[in-house]
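Architecture and fold: a report
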Amino acid sequence: MTRKVHVAGVGMIPFTKPGKSENYNVMGETAARAALRDAGIEYSLVQQAYAGYVYGDSTAGQAALYGLGLTGIPVFNVNNNCATGSSALYLARQAVASGAVECALAVGFEQMKPGALKRVWDDRPAPMFRFDDLMTEIQGVDETSPHAAQLFGGAGVSHMQKYGTKPETFAKISVKARKHAANNPNAVFRDLLTEEQVLESPHIFGPLTRYQCCPPTCGAAAAVVCSEEFARKHGLAADVVIEAQALTTDTASTFEDRDMMKVVGYDMTAAAAAQVYEAAGIGPEDVQVVELHDCFSANELITYEGLGLTPEGTAEKFILDGDNTYGGRVVTNPSGGLLSKGHPLGATGLAQCAELVWQLRGQAGARQVEGARIALQHNLGLGGACVVSIFKKVG
């Protein structure tokens, strides 16, 4: 038996460029305090905590949370590449759903360095070696392009080859991201871009130009989750529930089908989406607002199809028809997404959660999606892990 899990509080700090943030422990503590304040409870009521980060030493989670109090609770440090924040949320939700605890905290933070992502340990095999070897077989290696851009850019090329998708279509996603982020005070990039500016920015790989790649970012976000009984006992206005949630990893198709879309997690996304739709008893047509993992414009485009927001092969039409924004079928990344809000790896999934909770509460200000009652979150990490969650407004 599992119980409904409520999101009692969320919090995040404004995301910033590397070198302009507080240290990771301060960021994490600040975001966690914001979530506790939003929930209206003290840290002493939290029974377990899950701290997500990618670049940091062991027990960085304790370093952030000890500033809230030395309560002796279990603190788990989570690293699942770019899906880290949602993996922490998944574990916190699971702890409450199973009855192990009544209240748990998930916090994610990242203090990043400028430039493209790089390996830290070069004296041992990279965890991505299977993916790297396959990418090299499929499309070779470009020594002048960032590694992640080659992977996701290759996925964009695959979509172009299959369906005739035009480079300008990918660029429109970045234009949308900036337009949405203009209304988000927590976003790194809030200035508008034209399609021409996106296309004329330096070429990176495949259809990707610089403005179609998310920036390295520092930031933190957090969520407090609890049982219905806990919310009632403490008088919490917990009117958002995690209706369904799935965490998937790679299957054989990632490597056997020799398709760059699948190498970067298309099948993980599709599998997780199918699981949550079934568990929630809904379909993609029932969702009003989505925060998805747009680390590159190419990944947003293929994810429209992976999540079932539009049938396979129709993402270009979906974009051209304006069905991915306000006034269309479903608003995607009202926060500005990773492309414009920023992508502090450990914090991203929890920042997505915060945005969707605000949307369902009607607290998103100028970004508000009218009538939002069901929201979907998608957070992807190569290597691999994919978390898809359905949030629902209750009451």
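Everything quoted here is computed from the prediction, not taken from an experiment.

The rules behind the values
- Residues numbered from 1 in each chain as written.
- Predicted model: local features only at pLDDT ≥ 70, side-chain atom pairs only at ≥ 80, totals over all residues.
- Heavy atoms only, no water.
- Axes fitted to C-alpha atoms, helices over the stretch in contact; angles between N-to-C directions.
- Helix = DSSP H or I, 4+ residues; strand = E, 2+ residues; numbered from the N terminus.
- Parallel < 35°, antiparallel > 145°, perpendicular 65-115°, else oblique.
- Left-handed = near helix turned anticlockwise from the far one by under 90°.
- Contact = heavy atoms within 4.5 Å.
- Nonpolar A, V, L, I, M, F, W, Y, C, P; charged D, E, K, R; others polar.
- Buried < 20%, exposed > 50% of the residue type's maximum accessible area, 1.4 Å probe, protein only.
- Pairing = 2+ DSSP bridges.
- 1 Å grid on protein atoms, 1.4 Å probe; cavity = no way out; pocket = protein on both sides within 12 Å on 5 of 7 lines; lining within 4 Å.
- Points joined across faces, edges and corners; volume = space filled by probe spheres on them.

1. Focus on the packing of helix H5 (residues 147–163) against helix H12 (residues 297–306)
Contact geometry for H5 and H12: axes closest at 8 Å, N-to-C directions at 55°. Regarding the angle of H5 to H12, the classification is oblique. When the axes of H5 and H12 are compared, the crossing they make is left-handed. In this structure, H5 uses Phe 152, Ala 155, Gly 156, His 159 and Tyr 163 to contact H12, whose residues at the interface are Ala 298, Asn 299, Leu 301, Ile 302 and Glu 305. The class makeup of the residues in the contact of H5 with H12 is six nonpolar, three polar and one charged.

2. What about the pairing of strand S1 (residues 5–12)?
Within a regular strand, the side chains alternate between the two sheet faces. Among the eight residues in S1, eight count as buried, and that is most of the element. Bridging between S1 and strand S8 (residues 240–248) involves two bridges; their strand directions are antiparallel. Bridge pairing links His 6 to Val 241 in S8. With seven bridges joining them, S1 and strand S7 (residues 219–227) adopt antiparallel strand pairing. Within S7, the residue paired with Val 10 across the bridge is Ala 223.

3. Describing the layout of surface pockets
Taken as a whole, the second largest pocket spans an internal volume of roughly 200 Å³. Lining the second largest pocket, in full, are Thr 2, Arg 3, Lys 4, Val 5, Arg 93, Ala 97, Ile 242, Glu 243, Ala 244, Gln 245 and Ala 279. When contributions to the lining of the second largest pocket are tallied by element, the ones reaching two or more residues are helix H3 (84–97) and S8. Of the residues contributing to the lining of the second largest pocket, the split by class is five nonpolar, two polar and four charged.

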